[in-house]
Amino acid sequence: MAKRRKGWFARALRTLLLVLAAWAAVTVLAVVAMRWIDPPTTAFMLRDRIGGLFDEDHQFRHEWRDWDEISKYAALAVVAAEDQQFPSHHGFDFKQIDKALADRERGRRVRGASTISQQVAKNLFLWPGQSWFRKGLEAGITVLIELAWPKRRILEVYLNVAEFGRGTWGVQAASRRFFRKDASRLTAAEAALLAAVLPSPRRYRADAPGPYVRKRQAWIQRQMAALGGPAYLAGFD
């Protein structure tokens, strides 16, 4: 009986390792391919689509736009709002991670410490959650993305897959929904408003911004100016 249990455990472990190896290989190939091929969807979009099947009022919006078809204010706004160390880090902002850990130890509200690269990794391949297993997978995929993609590609994908409101994915869909214009025509104020809802796009609304969103929008615009305006993005070209 003991031998049977050991044999079953060995087979199960071998199968698990093979599955993990296959998943890793597919993920590596997908990440490398997406340097040039635009992802048709993401894990988070699929989750939203499936959830929408049971909600007659749900609308799914997503339109891909290439880098040159997106207002530079939109790119600048998300960097200013989400990840000001984006041009210089290699996927992780360790200063922000340290601050988040310190806040947790003091019992304060934990601030987000994920970089734009980490958010791209999570949105493309993973699921919501705070488990160490998921964070470990996210870290590995983030490293792959940083190795395989230039910074401009990471930012381009992020702008196209980020959620800006319920059922609204990517800056083009958000621009059409909230401002009735293409993403290429977004102003600095409009881009800052979209970036202001990114921490919680289902709680905060770009089409009905409250005091907090307006305050955050103004702060983002100040940060955009401090970074140097659209000229700041010249290094990504």
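As shown above, the structure is provided for reference.
A brief look at the structure comes next.

Cut-offs used in this document
Residues numbered from 1 in each chain as written. Predicted model: local features only at pLDDT ≥ 70, side-chain atom pairs only at ≥ 80, totals over all residues. Heavy atoms only, no water. Pairing = 2+ DSSP bridges. Helix = DSSP H or I, 4+ residues; strand = E, 2+ residues; numbered from the N terminus. Buried < 20%, exposed > 50% of the residue type's maximum accessible area, 1.4 Å probe, protein only. Arc of directions from axis to C-beta. Contact = heavy atoms within 4.5 Å. 1 Å grid on protein atoms, 1.4 Å probe; cavity = no way out; pocket = protein on both sides within 12 Å on 5 of 7 lines; lining within 4 Å. Points joined across faces, edges and corners; volume = space filled by probe spheres on them. Polar contact = N/O pair within 3.5 Å; in protein donor to acceptor, adjacent residues only side chain to side chain. Patch = residues over 30% accessible without salt bridge, like charges linked within 9 Å, V, L, I, M, F, W, Y side chains within 5 Å. Areas by Shrake-Rupley, 256 points an atom, 1.4 Å probe, with all protein chains shown as cover. Salt bridge = Lys/Arg side-chain N within 4 Å of Asp/Glu carboxyl O. Axes fitted to C-alpha atoms, helices over the stretch in contact; angles between N-to-C directions. Parallel < 35°, antiparallel > 145°, perpendicular 65-115°, else oblique. Left-handed = near helix turned anticlockwise from the far one by under 90°. Core = buried A, V, L, I, M, F, W, Y, C linked by side-chain atoms within 4.5 Å.

Turning next to the sheet that holds strand S2 (residues 163-165). Spatially, three strands are ordered S1-S3-S2 in an open sheet, and the strand pairing comes out mixed. Because the sheet does not close on itself, it has two edges, and the strands there are strand S1 (61-62) and S2. Bridge count between S2 and strand S3 (residues 168-169): two bridges; the pairing is antiparallel. The residue bridging glutamate 163 from the neighbouring strand is tryptophan 169, located in S3.

In this section: helix H2 (residues 43-52). Of the positions making up H2, those classed as buried are Phe44, Met45, Asp48 and Gly52. On an axial view of H2, the arc spanned by its buried residues comes to 100 degrees, and they lie on one face. For H2, the exposed residues set more than 90 degrees away from the buried face come down to Arg47 and Ile50. For H2, the elements touching its buried residues are S1, helix H5 (116-125), helix H7 (151-161) and S3.

A positive phi angle, close to 55 degrees, is found at arginine 180, a residue other than glycine. Assignment of secondary structure puts arginine 180 in the loop between helix H8 (171-179) and helix H9 (188-196).

To continue, consider empty space enclosed by the protein. In the structure shown here, the tally under the stated rule is one cavity of 30 Å³ or more. The volume enclosed by the largest cavity comes to roughly 30 Å³. In this structure, the largest cavity is lined by Ala74, Val78, Leu159, Phe164, Val171, Ala191, Leu194 and Ala195. When contributions to the lining of the largest cavity are tallied by element, the ones reaching two or more residues are helix H3 (72-82) and H9. Looking at the lining of the largest cavity element by element, the count peaks at three residues for H9.

What follows concerns the side chain of serine 71. For serine 71, the position within the fold is in the loop between S1 and H3. Among the polar contacts made by the side chain of serine 71, one reaches the main-chain carbonyl oxygen of leucine 186 at a distance of 3.0 Å. Discounting residues that sit within four places of it in the chain, serine 71 has contacts with Ala183, Ser184 and Leu186.

Take a nonpolar patch on the surface next. A cluster of nonpolar side chains, Trp8, Phe9, Leu13, Leu16, Leu17 and Leu20, forms an exposed patch at the surface whose accessible area comes to about 640 Å². Here leucine 17 shows up in helix H1 (residues 2-33).

What follows concerns the packing of H3 against H9. Orientation of H3 relative to H9, taken along the N-to-C sense of each, is 40 degrees, at an axis distance of 8 Å. Here H3 lies oblique to H9, going by the angle between them. Considering only the axes of H3 and H9, their crossing is right-handed. Side by side, H3 and H9 meet where Tyr73, Ala74, Ala77, Val78 and Ala81 of the first sit next to Ala188, Ala191, Ala192 and Ala195 of the second.

Attention now goes to the environment of serine 200. Residue placement: serine 200 occurs in the loop between H9 and helix H10 (211-227). Residue classification places serine 200 among the partly exposed residues on the basis of a relative accessible area of 24%. For the pair serine 200 and leucine 155, spaced 45 residues apart in the sequence, the C-alpha separation amounts to 19 Å.

Here we come to the nonpolar core. Counting 57 residues, the largest nonpolar core has Val120, Trp149, Leu155, Val171, Leu194 and Ile220 as the members making the most contacts within it. Ranked by residues supplied to this core, first place goes to H3 with eight residues.

Structurally, the position occupied by alanine 121 is in helix H5. Residue alanine 121 is classed as buried on the basis of its relative accessible area of 0%. Note: C-alpha distance between alanine 121 and leucine 137 (16 residues apart in sequence) is 8.9 Å. Sequence-distant contacts of alanine 121, that is, excluding residues within four places in its chain, are made with Leu126, Glu138, Ile141, Thr142 and Ile145.

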